[in-house]
Amino acid sequence: MRLLILNRTIVSIFTCVLFITMQSCEEVKENSREKFNSDWKFKKLEASNLSEEGFETATFDDSSWETVSLPHTANVEPLTVNNQWQGVCWYRKSFEVPSFTEGKKVFIEFEAAMNHSIIYINGEKVSVHQGGYLPIVVDATMYLNKGEKNSISVRLNNTDNPVTGPKPLKILDFNMYGGLYRNAWLTIKDDVYISNANLANKVASGGIFITTPKVSKESSVVVIKTHLENDSKKNKLIELIQSIYFDNQLIAENKATAEIKSGNDINLNKQFTIQNANLWSPKSPNLYYLETKVLVNGNVVDKETTRFGIREFTFKDNQLYINGKKTFLRGVNRHQEYPYIGYALSDNAQYRDAKKIKDGGFDYIRLSHYPHSPAFMDACDELGLVVIDAILGWQFYKDTEAFKNYCYRSASELIRRDRNHPCVLAWEVSLNETKMPVPFMEELDRIVHAEYPGEHVYSCGWMDDVYDIYLQARQHRILHPHELKDKPYSVSEYGDWEYYSKNAGLNQDQLPNDLRDEFSSRQARGFGEERMLRQAVNVQEAHNDNLTTKAYSDSYWVMYDYNRGYHHDIERSGLMDIFRLPKFAYYFYQSQKDRDEGNILKIASYWNKKSPLDIKVYSNSEEVKLYLNDELVGSQKPDKNKISSELRHPPFTFKLPYFKLGTLKAVGFVNGKKVSEDIIKTPEKPTKLKIWLDKSGKDLEFGVNDVIFLYIAAVDHNDTINPDFSEDINLAINGDIEVLNVEKITTEAGVATALIKVGTKKGAIVVEANSKNGLTGKFTLNN
């Protein structure tokens, strides 16, 4: 049996604060890992100003450039992005490294930089990198002036790139945006240290790598592979102390000594046995912590904390078992963009996206079609979301050594970055919807098993050759049915393209725009109840159909509405819109939760004169009673029809003879006992504006470029949102906060959304809203 115990390596952040400015440097501890996000200078090259002379030098005067903090987007875009900015931009930063770092190691890491990057330190070129989704790590030691001012300059180019692909933006189905859009880090280490996996020159090496040859609740074996380097001029005798904790309690500890010769490196393998292990699973995402200390002459010279989970993914008869329990994974696909700022989400915003997916009734995400943020991966670990992790690839292959080698390197870098996450089920080292040569796929598959040796390690791809797991979109199954090979099978996309579209999936840049009519799954909240219900019927039918196949999982396309590079409109097949507001189909998936995860009940209606009289109730109850103005309309069991035959919890449909103003109340019962209730009141004339923040498990945080949605709804005296309200909203804000909407704040289905970013100055935030017809609202957040 092959088994995995995966972990997320988190380098310990010491309590010191490193002020990296143009002024004198504050005292810091000798070993630290600190965010390198603040006080960057930024310039975007416009067509009229293409000169870059001296931008890379340490003496260049960048005082006229914009001052920004990371994560940062190269260009703030409109809500609908069909002419995305592409070009060259620069980031520069002046900083000091303390004089005590003489004899130390200094590393600078960018979690991502879109797309082709050149990095200079003090005017010297230190890195040229292709690709915008995976980390760039630079050993900056030899380029720095200790105790003096230093300069780092980053040149980025996000224009169409034949080395990285995918298709040109004008026919691409998603946007790649630009900028240093994730965190940057500066790390100071001793010259004997735990290495960075991205810099390791050996396969399946670098940093800390945790696997297990055995997993069970009774007894699990944990093997820790630690890669250490000695860049000093002397041989060093080191002591390695590794301690495992669960719930702040020490579970196991190991001490070992070894000699590392000058200029050499070693891998140390240590084995632990964990009794009565708390296993990781979607319903119980238990996480352990490994503390690793490296000592020389009794002094700690390096220290890292690694979070990991013990779990086993196996297949039997091509069905998935998690820790020995047969499990069907219900999932979604996700693009990582936000409105206006593209990819430049804060870590908290990444968590909020994952939390909505978990709350929506899902336990699985296929990351489309590129590596997502480390913060998002962390959130999946914490929330219990199984992940298929992908390299960049979509409808593009180029038979050049440069392109192929880029893909091979991306596969290695992806696995080294994410091999330690318990959430990762498989590695999608495939170019989605792209015809690939078999030798190319064979090499990608080989890299997976070389970088992550052992059992139960899986590659996957959209072609059924070579890879361990076959990913097939439902529209391809319908258009091109064929006999499945004897391997695990996942419905990778469904519910969108197969509904009322021709040439599904492969040639959408050639489609007439009017093919997406009111019966498709691409529905805005503002299109009304009837059209949102049609989307919900589509996803119900498709999901039900998937359950009749041999698939061990499916993943709806898509969780959130998103922009397409070539199109005049937003892609609206999301279960939530681009502002993360739910459509009715979201509640359908919520209702598929097992009851031990909570009782779900939602009436999919606004209950006004335009509402359909067939009232849909989504619930995981055994029975639902519906009342109109406290009079019983009916008591029903779940629907029985051809699109409900395989569902865990089919909807409940109540047919009302006529509309009557008032209150609809649904009550859910299990074993004859009331377990849930939902009430909908007919919207009346709005009387005020209600304002709230979309926290989704994470409070607003100052000093980290946190971005969050602020919702403003027109409500009546019952606090019921009026979906017919459509006026623009004006905001007056007091506090260290910025509204990122570049257009008017418009209202859709009674709710307007502002994307806001908070600064560094804590204090009360006051938001006052008003509309043209005199509605007002006020929101206060005290910090």
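Up top you'll find the structure we're talking about.
Residues numbered from 1 in each chain as written. Predicted model: local features only at pLDDT ≥ 70, side-chain atom pairs only at ≥ 80, totals over all residues. Heavy atoms only, no water.

K.L.:
How do you make sense of the layout of surface pockets when you look at a structure like this?
P.N.:
Leftover empty space is mapped by rolling, across the atoms, a probe with the size of a water molecule. Approximately 970 Å³ is the volume found for the second largest pocket. If you trace the second largest pocket, you find 33 residues lining it, with Pro582, Tyr587, Lys602, Trp692 and Ile721 closest to the centre. Of all the secondary-structure elements, those providing two or more residues to the lining of the second largest pocket are helix H1 (347-359), helix H7 (584-590), strand S31 (601-603), strand S37 (673-681) and strand S38 (688-693). For the lining of the second largest pocket, the leading source of residues is H7, giving four residues. The class makeup of the residues in the lining of the second largest pocket is 18 nonpolar, five polar and ten charged. (1 Å grid on protein atoms, 1.4 Å probe; cavity = no way out; pocket = protein on both sides within 12 Å on 5 of 7 lines; lining within 4 Å. Points joined across faces, edges and corners; volume = space filled by probe spheres on them. Helix = DSSP H or I, 4+ residues; strand = E, 2+ residues; numbered from the N terminus. Nonpolar A, V, L, I, M, F, W, Y, C, P; charged D, E, K, R; others polar.)

K.L.:
Before we go on, may I ask you to explain the sheet that holds strand S22 (residues 325-326) in this structure?
P.N.:
Through backbone hydrogen bonds, the strands of a sheet pair up, either in parallel or in antiparallel fashion. Reading across the sheet, the three strands line up as S20-S21-S22 and stay open at both edges, with antiparallel pairing between neighbours. Of all the strands in the sheet, just strand S20 (313-316) and S22 have a single pairing partner and so form its edges. Where S20 meets strand S21 (residues 319-322), four bridges bridge the pair, whose relative direction is antiparallel. In the strand pairing of S21, Thr314 is matched with Tyr321. (Pairing = 2+ DSSP bridges.)

K.L.:
Just checking my understanding: could you explain the sheet that holds strand S35 (residues 652-655) for this structure?
P.N.:
If you trace the three strands from one edge of the open sheet to the other, you get S31-S32-S35, paired in antiparallel fashion. Among the strands making up the open sheet, the edge pair consists of S31 and S35. Averaged over all neighbouring strand pairs, the angle between strand axes comes to 20°, with direction disregarded. Pairing analysis gives three bridges linking S31 to strand S32 (residues 614-619), with the strands arranged antiparallel. When the bridges of S32 are listed, Lys602 appears paired with Tyr618. (Axes fitted to C-alpha atoms, helices over the stretch in contact; angles between N-to-C directions.)

K.L.:
Any chance you could explain unusual backbone geometry here in plain terms?
P.N.:
Trans peptide bonds make up the majority, and among non-glycine residues the majority have a negative phi. With an omega of 0°, the peptide bond running from Met114 to Asn115 counts as cis. Within the fold, Asn115 resides in the loop between strand S6 (105-110) and strand S7 (116-121). With omega at -25°, the peptide bond leading from Ser368 into His369 counts as cis. Mapped onto the secondary structure, His369 falls in the loop between strand S24 (364-367) and helix H2 (374-383). The backbone of Asp317 sits at a positive phi, close to 55°, despite the residue not being glycine. If you check the backbone angles, Asn705 has positive phi at about 55° while not being a glycine. With respect to the helices and strands, the residue Asn705 is situated in the loop between S38 and strand S39 (707-715).

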